[in-house]
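# A closer look at the structure
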Amino acid sequence: MHVNGKHYRTIWVNGNNKKVIRVIDQRWLPHRFIVEDLHSLDEMITAIREMHVRGAGLIGAAAGYGMYLATLEAPEDNLAGRFMEDAREKLKASRPTAVNLSWAVEIQLQAIKTGKTVQEKISIAYKTAGDIAEMDVDYCKRIGEHGVTIIKELSRQKGGETVNILTHCNAGWLGMVDWGTATAPVYAAIEKGINVHVWVDETRPRNQGASLTAWELKQQGVPHTVIADNAGGHLMQHGMVDMVIVGTDRTTSTGDVANKIGTYLKALAARDNNVPFYVALPSSSIDWQIQDGMKEIPIEEREPDEVRYIEGLCDGEIKRVLLTPEDSRAANYAFDVTPARLVTGLITERGICKPDRQGLLELFPERKL
Ligand code: MRU
């Protein structure tokens with residue numbers, strides 16, 4: 001997508017030095033646009049854990065490149081062995097909820113094992129990391145093509161009036177490699193000249209909606225309004241939301257959806273107000289091994305200080321201020337699980353399906369046991 005009119009992806013290889021991976025450091029958005037160079041597995045792990053890069057698809061692509069950087073550091077006699085397995089475990093532990101991370105490292109580990117020489121293994125890891133990123137771009141583009149059919153139909157029903165879409169967190173191109181998941185149908189609608197407007201949940205505590213989704217929608221010229229997290233239910237009660245589209249960090253084979261904390265409450269409000277609630281996801285976000293999202297999806301708990309403090313621009317500088325009483329404790333659950341029964345449909349790269357095992361298997365028959 002575009003940043004000040006120039007095309008960017010969220011992660012790429014430095015054209016002058018293939019041993020350096022470049023990312024948009026999202027901690028500084030929307031106030032500063034900073035590109036960070038990552039030189040090692042440890043730097044990649046820090047970038048993922050500290051959320052310089054975040055969002056399910058981007059975490060997967062970053063992990064793919066992390067494995068490539070690990071091959072550059074691995075002792076020659078142990079390239080497919082202990083060192084790479086440790087790299088896999090360290091990457092997996094950096095953010096536990098998004099399944100794209102383990103999806104990417106497993107693909108890498110299997111691919112690297114097929115190389116016979118050290119150089120061959122490095123080349124394979126480099127190519128595979130690129131393939132993982134390309135796959136993400138392709139999946140998201142196709143999610144847009146399928147998802148836009150729903151927006152088109154809502155627009156038809158409203159006689160061409162603006163379709164109001166509510167989204168939570170950042171499931172945009174900044175959270176993937178390009179296009180995004182929830183935003184891909186929105187960008188496709190804009191390309192088709194359909195009138196859309198996006199309600200952007202601010203998404204406490206890290207404010208991915210207010211700082212990232214709002215920024216990227218503005219960059220692409222999409223009409224949008226940032227709202228406090230608690231406003232969605234009120235807007236739905238007053239007919240101001242035609243549909244909800246969110247992304248996911250892990251969806252079970254039965255359609256339970258883990259996404260940024262607060263998603264579940266939006267799904268409850270949507271159900272109570274007959275507002276369709278869609279989840280846009282690439283198949284790399286489906287965990288085919290598990291069935292019960294509430295019991296089986298690991299929910300990341302992050303630093304309480306992310307809740308206690310808030311960051312923003314003040315007199316031209318980015319500052320962090322304390323929100324709570326000095327000695328109040330805070331808890332920071334980063335994700336929640338929306339049960340499949342509250343989800344209208346899953347928008348995948350292969351089409352739209354019901355949020356259940358049968359629906360998913362119709363689109364992905366190769367997953368049948
Ligand atoms: O904690 P984050 O910013 O990595 O969480 C991101 C989300 O929850 C997104 O909605 C999700 O990854 C969906 S698709 C990018």
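Just so it is clear, the model here is predicted, and its values are computed rather than measured. (Residues numbered from 1 in each chain as written. Predicted model: local features only at pLDDT ≥ 70, side-chain atom pairs only at ≥ 80, totals over all residues. Heavy atoms only, no water.)

### Some remarks on the site of the ligand
For the ligand, the set of nearby residues contains 18 residues, the closest of which are Arg-54, Ala-56, Arg-95, Asn-259 and Lys-260. At 2.9 Å, a backbone N or O of Gly-55 approaches an oxygen atom of the ligand. Contact between the ligand and Asn-259: an oxygen atom at 2.8 Å from a side-chain N or O atom of the residue. Bound to the protein, the ligand loses 100% of the 410 Å² it would expose on its own. Classifying every residue of the shell around the ligand by side-chain character gives six nonpolar, eight polar and four charged. (Near = heavy atom within 4 Å. Polar contact = N/O pair within 3.5 Å; in protein donor to acceptor, adjacent residues only side chain to side chain. Areas by Shrake-Rupley, 256 points an atom, 1.4 Å probe, with all protein chains shown as cover. Nonpolar A, V, L, I, M, F, W, Y, C, P; charged D, E, K, R; others polar.)

### What about empty space enclosed by the protein?
Overall, the coordinates contain four cavities of 30 Å³ or more when judged by the stated rule. Looking at the largest cavity, its volume works out to about 180 Å³. Surrounding the largest cavity, 22 residues form its lining, Arg-54, Gly-55, Ala-56, Asn-170 and Asp-249 being those nearest its centre. Of the residues assigned to the lining of the largest cavity, the class counts are seven nonpolar, eleven polar and four charged. In this structure, the second largest cavity encloses a volume near 40 Å³. Along its surface, the second largest cavity is lined by Pro-205, Arg-206, Gln-208, Lys-260, Ile-261, Arg-302, Glu-306, Asn-332, Tyr-333 and Ala-334. Within the lining of the second largest cavity, the residues separate by chemical class into four nonpolar, two polar and four charged. (1 Å grid on protein atoms, 1.4 Å probe; cavity = no way out; pocket = protein on both sides within 12 Å on 5 of 7 lines; lining within 4 Å. Points joined across faces, edges and corners; volume = space filled by probe spheres on them.)

### What to know about the nonpolar core
Formed by 76 residues in total, the largest nonpolar core has its most connected members in Ile-11, Met-44, Tyr-65, Leu-91 and Trp-173. Counting residues domain by domain, this core receives three or more from each of domain 1 (2-135) and domain 2 (144-368). Apart from the residues within four sequence positions on either side, Leu-91 is in contact with Leu-41, Ile-45, Ile-48, Ala-63, Gly-66, Met-67, Leu-101 and Val-105. Residues Trp-199, Trp-288, Leu-360 and Leu-361 belong to the second largest nonpolar core, which totals 26 residues. (Core = buried A, V, L, I, M, F, W, Y, C linked by side-chain atoms within 4.5 Å. Buried < 20%, exposed > 50% of the residue type's maximum accessible area, 1.4 Å probe, protein only. Domains from an automatic or database assignment. Contact = heavy atoms within 4.5 Å.)

### Quick look at the state of the cysteines
Overall, the coordinates contain zero disulfides when judged by the stated rule. The thiol of Cys-140 is not disulfide-bonded; the next cysteine sulfur, from Cys-169, is found 14 Å away. Assessed through its relative accessible area of 0%, Cys-140 is described here as buried. Here Cys-353 stays free of any disulfide, with the sulfur of Cys-140 as its closest cysteine sulfur at 16 Å. Assessed through its relative accessible area of 8%, Cys-353 is described here as buried. (Disulfide = S-S within 2.5 Å.)

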